[in-house]
Structures are given as C-alpha cells and as structure tokens.
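Remarks on the overall topology
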Amino acid sequence: MEFSELIKTATVENVLLSCAGLPAVRGTLCITSHHLLLSSCPGGDVELWLLIRNVDAVEKRLTGSSGTITLRCKDLKVLQLEIPGMEECLNIASSIEALSSVDSVMMMYPFFYRPPSLKLEEGWHQFPLEQYFQQISSQVMLRSSQPLTGPNRRRCREDETLLGTILDEGERGFIIDTRSAQAAKQARMTGGGTEPKSSYPQWRRLHRPLERGRPLQESFAKLVEACSDPSLSMDRWLGRLESSRWLSHVKAALSTACLAAQCMDREEATVLVHGAEGTDTTLLVTALAQVILDPSCRTLAGFQGLLEREWIQAGHPFHLRCAHSAYSHARLKQEAPLFLLFLDCVWQLSRQFPFSLEFGERLLLSLFDNAYASAYGTFLCNNEKERSLCKVKESTHSLWAWLNRPEEQQKLLNPLYSHNALVIWPSVEPQSIQLWQGLFLRWIRPSQHLDEAWAEIQRLVEENNAPAKESTGNRLSQSLSDPTAGVS
Amino acid sequence: MEHIRTTKVEQVKLLDRFSTSNKSVTGTLYLTATHLLFIDSSQKETWILHHHIAAVEKLPLTTSGCPLVIQCKNFRIVHFVVPRERDCHDIYNSLLQLSKTAKYEELYAFSYNPKQNESEQVKGWQLIDLAEEYKRMGVPNAYWQLSDANRDYKICETYPRELYVPRTASKPIIVGSSKFRSKGRFPVLSYYHKNKEAAICRCSQPLSGFSARCLEDEHMLQAISKANPSNRYMYVMDTRPKLNAMANRAAGKGYENEDNYSNIRFQFVGIENIHVMRSSLQKLLEVSGTRGLSVNDFLSGLENSGWLRHIKAVVDAAVFLVKAIAMESASVLVHCSDGWDRTSQVCSLGALLLDSYYRTIKGFMVLIEKDWISFGHKFSDRCCQLDGDPKEISPVFTQFLECVWNLTEQFPQAFEYNEVFLLQIHEHVHSCQFGNFLGNCEKEREELKVKEKTYSLWPFLLAEQKKYRNPLYNPDFLPELTLLEPNTVSFNFKFWRNMYHQFDRSMHPRQSVLNLIMNLSEQNKQLEEDIKELEAKIKQRNGQSDVVLVKEHQQSAHPAPVALKTPPCFKKEQPPIPGNDAVRTIEGSNTADNRYSELVSEFSKAEPAVVSLEYGVARMTC
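Residue numbers run consecutively from 1 along every chain, following the written order of its sequence. The naming scheme follows written order: chains are lettered A onward, ligands numbered 1 onward. Local features in this predicted model are restricted to residues whose pLDDT is 70 or higher, and side-chain atom pairs enter the listing and the counts only when it is 80 or higher, whereas totals over whole chains, interfaces and linings include all residues. Note that the side-chain values use all heavy atoms of the structure and ignore hydrogens as well as water.

Under the DSSP-based scheme used, a helix requires at least four consecutive residues in state H or I and a strand at least two consecutive residues in state E, with every element numbered from the N terminus. For chain A, the count of helices and strands is 19 helices and eleven strands. Here the C-alpha atoms of chain A give a radius of gyration of 26 Å, agreeing with the 23 Å that 2.2 N^0.38 yields for 488 residues. In terms of overall dimensions, chain A has a C-alpha envelope of 80 × 80 × 55 Å along the principal axes. Evaluated residue by residue, chain A yields a buried proportion of 58% over its 488 residues. Only heavy atoms enter the contact rule, under which two residues are in contact if any of them lie within 4.5 Å. Sequence-distant contacts, at least 24 apart, represent 72% of the contacts inside chain A between residues at least 6 apart. Neither His nor the chain ends contribute to the count of charged residues, in which Lys and Arg are positive and Asp and Glu negative. For the purpose of locating charges, the reference atoms are NZ of Lys, CZ of Arg, CG of Asp and CD of Glu. Both charge centroids of chain A, one from 49 positive and one from 56 negative side chains, sit 7 Å from each other. As defined in this context, the radius of gyration uses C-alpha atoms, and a globule is described by 2.2 Å times the residue total to the power 0.38. Categorising residues by exposure relies on relative accessible area from a 1.4 Å probe, with only protein chains included: less than 20% of the type maximum marks a residue as buried, more than 50% marks it as exposed, and the intermediate range marks it as partly exposed.

Here you go:
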C-alpha cells in the first residue's frame, strides 16, 4: 500500500481553521502521509501540525458549495475546517479517514520519524526488568492471569507448588481478584476460574470488581460528551457526570490499589493480583499500589521505569486498547481506557500529595497523548513479542529519550517535589475525588489564569532555591566589591 | 452559670466522623460558661463555642456509653460517647440551654475581653469608615449627594443613617418612594463606578400590587437614571424568580411595571428565597455527612440538594449586573423582596467583580461592612444568634462567601486574601464573639451599644493578616476598575470541601500547597528585606569610612567571600520550610482513616497473629 493512494486531494487553498478558545485562521491545507498541515496565507507560518493518527472521528457537513469538517482528536481536541468546494471537502474528509485508520503498525509515523536531535537506540534499554524488587519488607507483590481451572475444577500441581513456595510455613498471602466472585466463577465455563481455597490453603482470596472493557470505554465517552457541552445546567451537568460513572471507576481503582498496598505494608503479607488475562485491571492495581508504596516510583525516572515494567513489558495491549479514544463512531473492538484510568488515579494522588511526586500534570497529559497517537515507538504494539517482530526498538525512537532531554524534563518536573519516603495513603471519599479538569476540559476551560498562577508558584520556588540565594549573595558581594557604588 | 450541672466528665470518647469503624480518642470533657472543651490523652484540645452549636442530639445508649452528637454552625460535627448516662444527660441539658440565648446581652461578645484598652477599642471600630469608602468611589459628586433623610432612622429603620442618593431626589421624593417600598427601603446608592459614571443602587420591592403606582417612586428611578450622564437607560434587576415576584402582587407587593417607569429595562434573575436555600443546605449537609458514600450517591445527592445551582445563580446574576455597568455604562437598581438577602449578595458580588479594591483584605472588610452590615442583612435572624424563629435561618451570607471562593479558584492571582480568610469570617459571623455581626441592623447595634461594649473583628484579622494572604496575589493582575469576567459554565462550580469538611481532616490533601507557598513567599520577602537592610548598611558604611572598606577590599583577592562567609541573611534558611512542622506533615495519611482498610481489618480480627492496624500516623517533617 502506498500512502499516496489514500490521499485524494493533497492541498486546498483558503481553508478556515477554528478551534475553541483560539482565533480562527485562514490558510492552505495540506495532507501528507502522516500529517495535516495548515499554513496561514501571508507569512506561510504553519499554524497547525496535526498527526493524522490523532484523529478519532471525522464529521463532514456540506452547505452549498463549501463544507465543514469537524475533526475530533484522540487527545480530546476538536478542530473545524471550513473548506471551499464540495468535492475538495469530501476528498479531504475521506483522505483523513483512510489515513487515520491505517492499522498496520509498521506504516505508522514512528517508523518514519527521524528527529536530528535523537539517536534511534537512545532510551530503549534503560529499564532492565530485574531492577525491581519490593524492598519495603520481605513481602512481594505478584501478578498473573487467572488460573485455568475450567468447569471440571482442574488443578495444577506446579502452580500450587509455585504459590506455595512463595510463602514460608505459617505465612499467609492475599489474592486480589479484580473480578466479582460471580464473574470469576462464571469464567470457569470458558476455561478460566479462581484459586480454590482447598488447593491454595495459605492464600486468602479477596474480590474487588473493577470495570474494564466496553463499559469502561463507554464511561470515558460519556464523560467526554458531558464535558464538551458548556450549555448544561448545573443539574444536568452533575447528572451526566454521575451517569458517566468515571469517578466511581477512579475511586474503585484507587481503593483496590490501596487494599493491595495495605496487605503488604500493614499486614506484611505477600499479595498476588489478577483478573482474567492479567494485562488490564491487574496492571492498574499493581502499578498504582507501587506508586502508593514506593517513593522510587514517584520520581520522574522511577515512574518511567514503572510504566515500562508494569504496563509495556507486562503486555498491556496498547495497540488494541488505545486504537480509538472517546469520540470514535467506529464499531468498538477492544478499546478500553485503562491506561487513562491509571493516569487519572496518579493525578488524584498528585492532588492529595502535591509534594510527593517528582513530576507534574504535564507528564501525565503527555503520556495520555502519546499512548493514543505518537511520533515515538514506546506505546506501539500489544506486547514485547509483537514489538520485537516489528523491530520497534530498532526502527523507532523511544518516547523516554525525548522526554529525558534536559529541556523537556524541565517542563515535566513538579517544582514542589521533595522526597517523601513514606507510603502515601490517599483518601478515597467521594468528596476527595475530583474531576481531572486538566485532561477532560483541557481544550474547553479557559486556563490562562491557572497557568499564570502555576508559573508564579514556579517562580517563588526558584527564587527560594539555591541559585537565587547565590545571586542575592552576588548582589551583596558586588556592592561590597565596589566601594564607591553606594556613595554617589 | 446556673445551666451547668456537670463541669467535667472523664473517660469520654471522641469518635472520628469519617474514619474506620469506631476509631476514637479518649479524654476529658469540660463545660465552661462560653465553651465546651475536650482534652484528649495526648493533650490535644478541641474548643467548641456554645454559640457555634446548631443542634445537640442524644442517641440511644450503647454498650460503650451514651452517644452525644453536636452539630455546629461552622459545619463541625463532633460525636462523643459519655460513659454514664447521667453525665450525658446533664451535659445535653446544659448545652441545650447554653447554645440558645434569649438576650443579646448574654452573647459572648459582651463578655469577651481581648485585653485592649478603651482607645484601642475605639480605634478598632474606626478602622472601617464607610464615608471614606464612598469618597474613594467618588461620591459625593455633581450627581450624587449624602442625604440626611434617614439621620434618625425615621424613614427606614433597617438602613444606615447615612445614605447616598441622586442630587435631584428631593426629600419629598425620598419619603414618597420609601412609602411605596417594602419596609421603607427606598432606592439608594450601593456602589459608584467612577469611570463609567454608572451606579449600583439597591432597594426592596415596590408595593405595586396589581396596579398601584407611586409618582415619587417613578421620579426616584428617573433621578437615578439622570444621575448617569453616559446612559439614560437603567436596568431594574429583580433577583427573584418571576413566579415568586408575581405571587407577591397578590399581597400588594410585586415588581415595577415597565410602562410606568420611563427608561427602565426590567429583568428577573431567578435566585431562590431563604427557605429554599435553607432546605438546600440541609440536603447538602445530609449528603456530605453520610459515611461510606459511593461517588454516585454523592454526585446525585449534590445534584438533588440544588446547592451548586443556587451558587451559580448568584454568580450569574452578578455577572449580568456588571455587564450592564461595564459594557453599557448603565446604572442598575437591584432588589428582591425586602432587599437584604439576595440584593446584598448580588450588589456585593457585582462590586467585587468591578472593583479590585474589594479583592484586597481591607477592601473585603469594607465590602461586608457596606453591603451586608450597614444595609441591614439580618445576621441575627439568619445565623440564629438568639433563640428565635427557625424559619428565619438561612445560609445567605455563607453562599456569598462560597461565590467568592469559586472566583478565587478561577482567578488565583486576583485576590489578596486566601481561603482561610473566608473561612475565618464565616467562623466569626456565627461566633458572636465580636460586635460587628450582632443584631439585624445598625439601629439595633446602636441600641446595644456594640461599639462601647464589644470589639470589632476587623483589627484582629488585620493583625494576623499574614495568615490570610494569598501568596500568589498579583496587584497588577488587572488594572484598577477592570472587570473580572468569570466563566460560569457549570463545571466551574465545585463542592467547597474545605468549608463543609473543614474539621474532617482525613478528607483533605495531605500536603498543603497554600501553606508551602505562603512560607516560601514569606521567606523570599524576608531575604529581600535582609538584603535591602544590608545594602543600606553598606551604603552607610561606605559613606562613613571609605578607607576601611577599601582596605578590606584590597586584602581580599576575591571580594565575594566577604559577604558569603558570614552571610547574616542566610541564618534564617536552615530549615527550608521554617518552623512549622505541620506544613509538611502527612498526618492523617493512614490506612485506618480510610475505609479501604475495613475488609482487611475484619480479616485480621479473626486471626490475632496479624499486626494491629494502629501502626501510627505516617509523619514526615522536613
């Protein structure tokens, strides 16, 4: 397949671009294999540079001889293009649709993106898997998929022995199953199931059902829909926020992660977490529990390591789960925003413990954006095996290499951070759980005043830091070194 | 005090409202003439002013004792368990008596003695001078004058003595108009915008019934519109829902008929009355006070209470008002029924959006003195200072503070004061510790001689203003008299956790950005000052003895270390966050405080080998 076959019209003049909160721009629209560009007419400065993979839904409306295309992006941005000429409009729309639904991994932009400032191999090998142990106590946290007990209650000696050897004699462990007891039972019909108490006598099983799959995706879509309607009355807004159930899912995920963390930290017990496949809610719980328990996961580097270990290498199927975002009209296959739910929970932690995470909201936003559409290979494919088949590490750049460049890193850091060796137990009361406005209302709410306030906080912190003190020291020493300075 | 039968009870348990089942501290309960005091085994003191108590409830006896639940007007709820029923009964009865006061003279303010001498007391009351404030706005001027019509409270008992009216409004017009307005509250100036030459005026509803007219009242409104040279049209805002206003016509009250008044534009803005607000708050508190709420129960409870809808309605009304003034230079007359609840909310919030002075600490005090205290918001009735009609209680002023809080969230740099300031004012509106909010109007306060017998709150707040400063405040945020334009889309209004759960520590962020930033900015200021002081000293020294310094200068090859070796300005920085441990303490970050632990603790009970959950509080000091 050639990209050029998918592009029916490559350029259109005199296109009007509008986006909520920004002045409209008129210019030339240009479609390339991976990007949509719009440069304003006089100067030719590019005004928009949109990765086509970022387009989640394309809507077109024809009026007379012109048409309007609404692009709803995976990062929740909404753009409107007014295009003169009916045919051009239809062509552009279908080109964007075709290009944005190219599903072959190796046709994706990361395989073509070659920034001069980065080296290909950079950032790919900085997190060896063996690096991580739960060092808080002698206890460990394990994850797995469900046991294949099936309808005939099969047993597996090796599995029982494996779980048995983890615990010393008399020691107990917790199995946190992220499905309801009933759902776990039902899984037996399809060959799955749970660990029966009789075969795993030292383990105590706790069921904490977490939402996954389609209901979670629908929850995300409903929330985004509610957020995009500024005309809602207060009652309608609260009603829609409630019926989306998103914040309930946030609370459930945090509570379950806290339970897992508590089993380890307070009960000093070993914990095994699993759901069905061990690639979705399982990772949500184990990754969150580590952020809560372990200060080293709350640094910028440590958090990247956690993502690499608990999400990417653990085989969260990013390609399937993040194929579409909240706006897509396409028939849903396996999309589910588990990774977003994780980021939201981390954001909640950062609100309750504003000094305890080394990174700020920007990193979380950037991770969300890149998981759904990226110039980097980090979130490509569904697991390590696929990544190695596609030679992702050889042929694409790592997101970490980009984020860890000093000038980028500077933007991601939390100026208020100070190392906190303690476990951070969040409040999970509904009054303490907030809507992540920075993400869900990023393109909708006016944020100028909040940004300025944040810059002011940053300035105050910097002023208070060592360099500032040095400079004040310098000021003093200057006045001292020039004895005539003050006299005149 | 004759009401106190038992002054001290030992072995009382104080339960935590939101943490895991039956977590409690044990201590001793004391009753004083003014306070209830609980001192727990770690010597931590909890003081509750009798005036703050809204309700006391005795629950059925349990095995551990007799539960006593106290609800306070500042939304604190304390849950005691008293071992002996007899003691509980005595305390219950005493509190019932002590929390209800029959006479103003028995309120705390009349016995509170902050050890100030008389001249300090007088000076305290002079801190806020409303005549000075009207001068700041630019009145009296060619169009507006001070009227002495109400000098002896003859025309309106609930207005202040000094009122500003259009120069063309003669005394007969004022008297006539006042007779046509509910409670005699005729149209007067509330705020004057000197750049736009437009005014916010306030009054009560007209006694128009279905067809009554009053020429003097019509003249009064005309005088107001003529007092504005930039726009001869004026808005009349009726802050009530249209249906309520229409219903009032049957009782001989109502609203202005546009046909009878020239040059007015009439507008309803639909803020509900005090009864709706009271029951809305009641519903909100029921929801927020429930333990173990799911997110959906909370959100649907929040929705059903209607509370945020009412907050939004007040802000929307204020935005309508300021647009008329800022965009059209039109004067606006605001009223509701009696002109002391919704009218106070909308006028004061409007002025706050128009004039940055009211976003300073001192300015906010002036605003409350002007639009709430002097114009007769019935603080005594609304806050239930005396044992009176429960139907008069309403959280109108609390709503005003909540509107302001929402604005501070949207404009973090526009306000000199922080959330703590708003909470502190709320505390004292109900405490009856200071004289400012006593009674229902100025006349009543004069009769009570509050200025001689009690103290003003404002000098005390000003003295500790460090606590109330917003460290991000930028006085140049908006030039003077430029409009603050809030976005009133629903999602901008949030549940005010720090108000309704101020005393439920487990629910708050475990690290406070406000405190940290306040300390940083305080520290930075201190450094700056030290530098200035040193520079001044150097200057002085240079001036006095050039020789010495030059000598020093020559001795040292690198002059910089002279300053750096013994840097006097550095002595304050050893702890990066000075003194206050609490700032960085992650207190309350404890599994026992959060309900996700319950399942495991049940499990642990069954098998005693497991380490107890009382593991101590995660603490970190830096």
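The structure having been displayed, the exposition proceeds.
On to the domain arrangement of chain A. All names here are of chain A. What the domain assignment lists for chain A is domain 1 (4-102) and domain 2 (129-455). If you look at the interface, domain 1 gives 14 residues, while domain 2 gives 20 residues. By convention, the term buried area covers the 1.4 Å-probe accessible surface removed from two parts as they join, with the contributions of both added. Taken together, the two surfaces of domain 1 and domain 2 that pack against each other cover about 1,400 Å², and 62% of this comes from carbon and sulfur. By the criterion of area lost to domain 2, the three top residues of domain 1 are D56, K74 and L76, representing 46% of everything that side buries. One side-chain nitrogen of Lys or Arg within 4 Å of one carboxyl oxygen of Asp or Glu is enough to make a salt bridge. Run the count over domain 1 and domain 2 and you get zero salt bridges. We define a polar contact as two N or O atoms separated by no more than 3.5 Å, with the added condition that, inside protein, one atom must be a possible hydrogen donor and the other a possible acceptor, whereas residues neighbouring each other in sequence contribute only through side-chain atom pairs. There are nine residue pairs in polar contact (both at pLDDT 80 or more) connecting domain 1 and domain 2. Those elements that provide at least two residues to the side of domain 1 that touches domain 2 are strand 5 (55-63) and strand 6 (66-73). The biggest single contributor to the side of domain 1 that touches domain 2 is strand 5, with three residues. For the domains described, the bounds stem from an automatic or database domain assignment.

It is worth spelling out the side chain of T6 of chain B at this point. Residue and element names in this part refer to chain B. Positionally, T6 belongs in the segment before strand 1 (8-15). What makes T6 buried here is its relative accessible area of 12%. Every residue in contact with T6, bar those within four places of it in the chain, is listed here: L31, D87 and D90.

Glancing now at the nonpolar core. Throughout, nonpolar core names a set of buried Ala, Val, Leu, Ile, Met, Phe, Trp, Tyr and Cys residues whose side chains join them through atoms within 4.5 Å. Counting residues in hydrophobic clusters, the biggest one holds 227 residues, and the most contacted among them are F303, F342 and F440 of chain A together with F364 of chain B. It is helix 9 (residues 307-328) of chain B that contributes the most residues to this core, 14 residues altogether. When sequence neighbours within four positions are dropped, the list of residues in contact with F342 of chain A reads L284, A287, L288, F303, L306, L307 and W311 of chain A. Counting 30 residues, the second-largest nonpolar core is a separate cluster that includes V15, C19, L50 and A93 of chain A.

So, on to the environment of E452 of chain B. Its place among the elements puts E452 of chain B in helix 16 (residues 450-453). Taking the C-alpha atoms as reference points, E452 of chain B and E409 of chain B, 43 residues apart in sequence, are found 39 Å from one another.

Right, let's get into the confidence of the model for chain A. Do not read the fine detail of predicted coordinates wherever pLDDT is low. All names here are of chain A. Here chain A shows a mean pLDDT of 87. Residues at 70 or above account for 91%. For every residue, the predictor assigns a confidence score, pLDDT, that lies between 0 and 100. Contacts of residues 128-137 to residues separated by more than four positions or lying in other chains number 15 contacts, the stretch itself having pLDDT below 50. The model gives residues 476-488 a pLDDT under 50, and that stretch makes 24 contacts with residues more than four places away or in other chains.

In a beta sheet, neighbouring strands pair by backbone hydrogen bonds and run either parallel or antiparallel. Residues and elements named next belong to chain B. In short, DSSP must find at least two bridges between two strands for them to pair. Sheet architecture is open: seven strands sit in the order 4-3-2-1-7-6-5, paired in antiparallel fashion. Looking at which strands have only one partner, the edges of the open sheet turn out to be strand 4 (45-49) and strand 5 (53-58). Between one strand axis and the next, the sheet turns through 30 degrees on average, direction left out of account. Looking at chain direction, strand 1 and strand 2 (residues 24-31) are connected through six bridges and run antiparallel. Helix axes are fitted to C-alpha atoms over the stretch in contact, other axes to C-alpha atoms as well, and angles between N-to-C directions run from 0 to 180 degrees.

What follows concerns the pattern of salt bridges. Residues and elements named next belong to chain B. By the definition in use, this model includes 47 salt bridges over all chains. Here R84 makes a salt bridge to D87, at a shortest N to O gap of 3.9 Å. Since its relative accessible area comes to 13%, D87 is described here as buried. Residues D338 and K183 are paired through a salt bridge, measuring 3.5 Å at the closest nitrogen-oxygen approach. Linking D338 in the loop between strand 14 (331-335) and helix 10 (342-354) with K183 in the loop between helix 4 (171-179) and strand 10 (188-193), this pair joins segments that are 155 residues apart in sequence. What emerges from the salt-bridge pattern is a single network uniting D341, K378, D381, R382 and E392.

What follows concerns the packing of aromatic side chains. Geometry of aromatic contacts follows a simple scheme: Phe, Tyr and Trp rings, the Trp one being its six-membered ring, pair when their centres are within 6.5 Å, and the pair is stacked under 30 degrees between planes, edge-to-face over 60, tilted otherwise. Taken as a whole and assessed by the stated rule, the structure comprises 51 aromatic pairs over all chains. Between Y109 of chain A and Y113 of chain A, the aromatic rings sit 5.3 Å apart at their centres with planes inclined by 40 degrees, giving tilted as the arrangement. Like Y113 of chain A, Y109 of chain A is buried. When the ring of W347 of chain A is compared with that of W436 of chain A, the centres are 5.8 Å apart and the planes differ by 15 degrees; the resulting orientation is stacked. Remark: W436 of chain A occurs in the loop between helix 16 (406-412) and helix 17 (437-440) and W347 of chain A occurs in helix 11 (residues 338-352); sequence separation between them is 89 residues. Chaining the aromatic ring pairs together yields one cluster made of F364, W372, F379, F397, F400, F415, Y417, F421, F437, W458 and Y468 of chain B. Only when the NZ atom of a Lys or the CZ atom of an Arg is both within 6 Å of the ring centre and within 35 degrees of the ring normal do we say a charge sits over the ring. The cationic tip of R136 of chain B hangs over the ring face of Y358 of chain B; the distance from NZ or CZ to the ring centre is 5.4 Å. Between R265 of chain B and the ring centre of Y233 of chain B, over which it is positioned, the NZ or CZ distance is 4.4 Å.

Residues and elements named next belong to chain B. UniProt positions are given in the numbering used here, feature names are shortened, and annotations may be inferred rather than shown by experiment. In the numbering used here, UniProt assigns the "active site" (unreviewed entry) feature to C336. Among the structural elements, C336 can be located in the loop between strand 14 and helix 10. Dropping the residues within four chain positions of it, C336 is found in contact with C203, S204, Q205, D238, T239, R240, D341, R342 and T343.

Moving on: the domain arrangement of chain B. Residues and elements named next belong to chain B. Split by domain assignment, chain B resolves into domain 1 (8-100) and domain 2 (126-505). Facing the 14 residues of domain 1 at the interface are 21 residues of domain 2. Buried surface at the junction of domain 1 and domain 2, summed over both partners, amounts to about 1,500 Å²; 57% is from carbon and sulfur atoms. It is R17, K73 and F75 that lose the most area in domain 1 upon contact with domain 2, and together they represent 41% of the buried surface on that side. Inspection of the region where domain 1 meets domain 2 yields zero salt bridges. One can count four residue pairs in polar contact (both at pLDDT 80 or more) joining domain 1 with domain 2. A breakdown of the residues in the side of domain 1 that touches domain 2 according to their chemical character gives three nonpolar, six polar and five charged. Here the nonpolar group is Ala, Val, Leu, Ile, Met, Phe, Trp, Tyr, Cys and Pro; Asp, Glu, Lys and Arg are the charged ones; every other residue, Gly included, is treated as polar.

Attention now goes to helix 8 (residues 295-305) of chain B. Here helix 8 of chain B lies mainly inside the structure; nine of its eleven residues are buried. Buried within helix 8 of chain B are the following residues: V295, N296, F298, L299, S300, G301, L302, E303 and S305 of chain B. Considering only its buried residues, helix 8 of chain B is in contact with helix 6 (234-244) and helix 7 (246-265) of chain A together with helix 7 (274-288) and helix 9 of chain B. Residue G306 of chain B follows helix 8 of chain B closely and has a positive phi angle near 75 degrees.

For the rest of this paragraph, the subject is helix 14 (residues 419-431) of chain B. Residues and elements named next belong to chain B. Take the residue count of a helix, subtract one, and multiply by 1.5 Å to get its expected span. In a regular helix each residue adds 1.5 Å, so 13 residues correspond to 18 Å; helix 14 covers 18 Å between its end C-alpha atoms and thus fits that length. Along helix 14, eleven of the 13 residues are buried, which leaves the element largely enclosed by surrounding structure. Buried within helix 14 we find E419, F421, L422, L423, I425, H426, E427, H428, V429, H430 and S431. Contacts made by the buried residues of helix 14 are with strand 4, helix 11 (361-374), helix 12 (379-382), helix 13 (396-410), helix 17 (457-463) and helix 18 (497-500). Capping the start of helix 14, N418 holds a side-chain oxygen 2.9 Å from the backbone nitrogen of V420, two or three residues further along. Backbone geometry just after helix 14 places C432 at a positive phi near 55 degrees.

The next subject is the pairing of strand 3 (residues 35-40) of chain A. Working note: regular strand, side chains alternate between the two faces of the sheet. All names here are of chain A. Summarising burial for strand 3: five of the six residues are buried, a large majority. In this structure, strand 2 (residues 22-31) lies alongside strand 3, joined through five bridges in antiparallel fashion. Looking at the pairing, C30 lines up with L37 of strand 3. Count of turn residues in the strand 2/strand 3 antiparallel hairpin: three residues.

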